[in-house]
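Understanding the architecture of this molecule
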Amino acid sequence: MTEIIPNAPPSDGHFPTSSQMFGHPKALWVIVLTEAWVAFSLYGMQSLLVLYMKDSLLQPGHVENIWGFGTLHSAIAWLYSPVGIPALAGAIMGLFLALIYATPLLGGFIADRMLGRTRTILLGAVLMTAGHVMMAFESSFVLAFVCLVFGTGCAGSLRAQVGALYALNDRKRSDAYQFYTLGVQVAVIVSPALCASLGQIAWHWGFLTAGIGMALGLACYLAGQHLLPEEPPRVERSKRLPLTTRERKAVILLLCLIVVLAVGALPNEEIFDGYLLWGQQHYRLSMFGYPFPVGDLLSFDGLISSVTAIGVLTFWQFYAKKRADLSEITKVAIGIGISAFAPLCLAAGSWISPGAHQVSLLWGVAFHTVNDIGFAMSYSIGMALFSRAAPVSLNTIMVACFSLHLFLSNLMVGKLATLISHMSSVSFWVMHSVVAGCAAIVLGIFAWKFRDLLAPEKAPQPQEA
């Protein structure tokens, strides 16, 4: 049996000037542009999916046309026991969101052990394109669901290809992941509004628009494929070097960090669940005299997150010129510590204006701004940490494991959202702040306790004669 050993990052972290653009390898911009189109298609489709299921697909006269729906319905009934069409639509959507955060681990395994990163990403892009197109037809919904879930998992290997462009001790690695995240955030601003608007005219127009976006991402990746790191040669499994003691400890530590990061991400992940339920009841949904639906807060958050991502990137570049750069795990701890203050804005607004529809949206602006500053540090720099600290032979898998913290976080958010009607608003948001703050403290302890393990491994020095 043969397998692919991922290619090691460049030994010096530098590419010829002709292969660089804006101080980074041109391959980075190929990956960023590809990922932006992937996000365009995925978030555009998500803006339609649950409404499409509730208002059309799952209605009598339509649901009978879906191939294989009985199997999907049985799985949903076993997991969630939904009652009614809206609950069924929400349950299917919840399962989809959970799976797209979990399947990158499978994609990473396929990339590291079977196909290699480039071919795995191409497979993912083809599956996603096909899935978006099939989503426009009622009969192929279940097949589209499967293609999108597994395609998203395979396309997750793009994250590992970012890290492969840089030496392990190159600080530009963190900047690269900031650019990578920024490409996603820009797509999040544009695609939901475009696909949702077209979906109001006809559902299949919105889904086909998402499919076109994914096809453009596939075209970008194919056009820039010659700039990407070369795939390593296949070697026999028996010749694979075993993990060193240091590498085994690094893997165990990174797996432990997934749980801590999941807790730290609660303020951000709550935005897509309990926060909207709370906002619909408590926000004064108008701004400058105009109605402001609670759902528009998600598009607003995408805009703020893009601005804060640029600000965070600029800040750390400036900081590195003036002082010794901080370790990645320290930056992540700082980011989660900042995010922990965001729910306090909502708690303060609830305390000052406890009545229904009385909380000013300015408290929401403060919440999103503080949270997005912290999340810009913790997410993209967290990916950079996993990319650098993971052993080369497990790099793609470990970078894919990074997404599992969002999977775990969303599972916890689903439970926390059920407490809204049983707790005061102040207590609910203070609870989020406390648990995120505890996660930041734990990460700070890890940064101090395991600073040698997480630091870039130094090359051995030649001995003097």
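Residues numbered from 1 in each chain as written. Predicted model: local features only at pLDDT ≥ 70, side-chain atom pairs only at ≥ 80, totals over all residues. Heavy atoms only, no water.

Assigned secondary structure in the chain consists of 19 helices and six strands. Taken over 465 residues, the chain has a buried fraction of 51%. Long-range contacts, defined as pairs at least 24 residues apart, comprise 82% of the intrachain contacts of the chain with a sequence gap of at least 6. Working note: accessible area of the chain is about 21,000 Å², and carbon and sulfur atoms make up 69% of it. (Helix = DSSP H or I, 4+ residues; strand = E, 2+ residues; numbered from the N terminus. Buried < 20%, exposed > 50% of the residue type's maximum accessible area, 1.4 Å probe, protein only. Contact = heavy atoms within 4.5 Å. Areas by Shrake-Rupley, 256 points an atom, 1.4 Å probe, with all protein chains shown as cover.)

The contact between helix α1 (residues 26-57) and helix α5 (residues 117-135) brings their axes to 11 Å, and the two run at 30°. By the criterion of interaxial angle, the relationship of α1 to α5 is roughly parallel. For the pair α1 and α5, the crossing hand works out as left-handed. Contacts from Val 38, Ser 41, Leu 42, Met 45, Leu 49 and Tyr 52 in α1 reach Met 128, His 132 and Met 135 in α5. A per-class count over the contact of α1 with α5 returns seven nonpolar, two polar and no charged. (Axes fitted to C-alpha atoms, helices over the stretch in contact; angles between N-to-C directions. Parallel < 35°, antiparallel > 145°, perpendicular 65-115°, else oblique. Left-handed = near helix turned anticlockwise from the far one by under 90°. Nonpolar A, V, L, I, M, F, W, Y, C, P; charged D, E, K, R; others polar.)

Moving on: a nonpolar patch on the surface. A surface patch of nonpolar side chains, about 310 Å² in accessible area, is lined by Val 259, Leu 408, Leu 411 and Met 412. Ranked by residues supplied to the nonpolar patch, first place goes to helix α17 (residues 404-417) with three residues. Locating Leu 408 in the fold gives a position in helix α17. (Patch = residues over 30% accessible without salt bridge, like charges linked within 9 Å, V, L, I, M, F, W, Y side chains within 5 Å. Salt bridge = Lys/Arg side-chain N within 4 Å of Asp/Glu carboxyl O.)

This next bit is on the packing of aromatic side chains. The description of an aromatic ring pair uses the distance of the two centres, along with the angle that the planes make with each other. Enumeration over the complete set of coordinates arrives at 14 aromatic pairs. Between Trp 37 and Phe 40, the ring centres sit 5.4 Å apart and the planes meet at 70°, which makes this aromatic pair edge-to-face. Of this pair, Trp 37 and Phe 40 both sit in helix α1, three residues apart, which is roughly one turn of that helix. Measuring from centroid to centroid gives 4.9 Å for Phe 428 and Trp 429, while their planes differ by 80°, and the two rings are edge-to-face. With respect to burial, Phe 428 and Trp 429 carry one shared label: buried. Through a chain of ring-to-ring contacts, three or more aromatic side chains come together here, namely Phe 375, Tyr 379, Phe 386 and Phe 402. Across from the ring centre of Trp 316, 4.7 Å away, lies the NZ or CZ of Lys 331, which sits over that ring. (Phe/Tyr/Trp six-rings, centres within 6.5 Å; stacked < 30°, edge-to-face > 60°. Lys NZ or Arg CZ within 6 Å of the ring centre and 35° of its normal.)

Function-wise, these values are silent; they only describe arrangement.
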